[in-house]
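Report on the structure
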Amino acid sequence: MSAWNFETYLKKVMELRREEFPLALQAFEVRGEKEDFVAEQVVNTQSEADTFMSMYSGRLIKTREVRPVETKRYMVHKKKNGALPWVILLLLIVVLLIVGFATGWVQTMIGQTK
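Residues numbered from 1 in each chain as written. Predicted model: local features only at pLDDT ≥ 70, side-chain atom pairs only at ≥ 80, totals over all residues. Heavy atoms only, no water.

**Re the sheet that holds strand β3 (residues 60-65)**
Whenever strands of a sheet pair, they do so through backbone hydrogen bonds, lying parallel or antiparallel. An order of β2-β1-β3 is seen for the 3 strands of this open sheet, with the pairing classed as antiparallel. In this open sheet, the two edge strands, each paired with only one partner strand, are β2 (34-43) and β3. If you compare each strand with its neighbour and ignore which way they point, the axes differ by 25° on average. With 6 bridges connecting them, strand β1 (residues 23-31) and β3 associate as antiparallel partners. Paired with Gln26 across the strands is Lys62, a residue of β3. Each of β1, β2 and β3 touches helix α2 (residues 46-55); the most contacted strand, β2, lies at about 150° to it. (Pairing = 2+ DSSP bridges. Helix = DSSP H or I, 4+ residues; strand = E, 2+ residues; numbered from the N terminus. Axes fitted to C-alpha atoms, helices over the stretch in contact; angles between N-to-C directions. Contact = heavy atoms within 4.5 Å.)

Next comes the structure, spelled out in structure tokens:
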């Protein structure tokens, strides 16, 4: 690769510093004097930034700082349902007791123990 091509290649790659992340990348389609918004993505690594820039190559890529509210991770707190196995076990015992009484098995067992 000649030096001229290598320099051209380097100008096409946008290197971001680690302290700049997270960062919002925006892609715009330029038509004359007008910039039409195409896409935006918040990136946390250089790899994510490279992927975004390759997806929207040939378009104007701008960066903006991410506001603190955009970096918060909204997690849905799932209630750990430890009672479910107990409910299933209780239902199984109740069903077995009902079947046992309906067939007379329980009464037979009680009669044998007396």
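Past the structure itself, the notes keep going.
**Describing the confidence of the model for the protein chain**
Of the residues in the protein chain, 72% have a pLDDT of 70 or more, and the chain-wide mean is 79. In the model of the protein chain, helix α1 (residues 3-12) stands out as the element of lowest mean pLDDT, 43, in contrast to helix α4 (residues 83-103), which has the highest, 92. Here residues 1-11 scores under 50 on pLDDT; set against residues more than four positions off or in separate chains, the count is 1 contact. (pLDDT = per-residue confidence, 0-100.)

**Concerning the nonpolar core**
Counting 11 residues, the largest nonpolar core is built from Phe21, Leu23, Leu25, Ala27, Ala39, Val43, Ala49, Phe52, Met53, Tyr56 and Ile61. When contributions to this core are tallied by element, the ones reaching two or more residues are β1, β2 and α2. Not counting the four nearest positions on each side in its chain, Val43 is found in contact with Phe21, Pro22, Leu23, Leu25, Glu48 and Ala49. (Core = buried A, V, L, I, M, F, W, Y, C linked by side-chain atoms within 4.5 Å. Buried < 20%, exposed > 50% of the residue type's maximum accessible area, 1.4 Å probe, protein only.)

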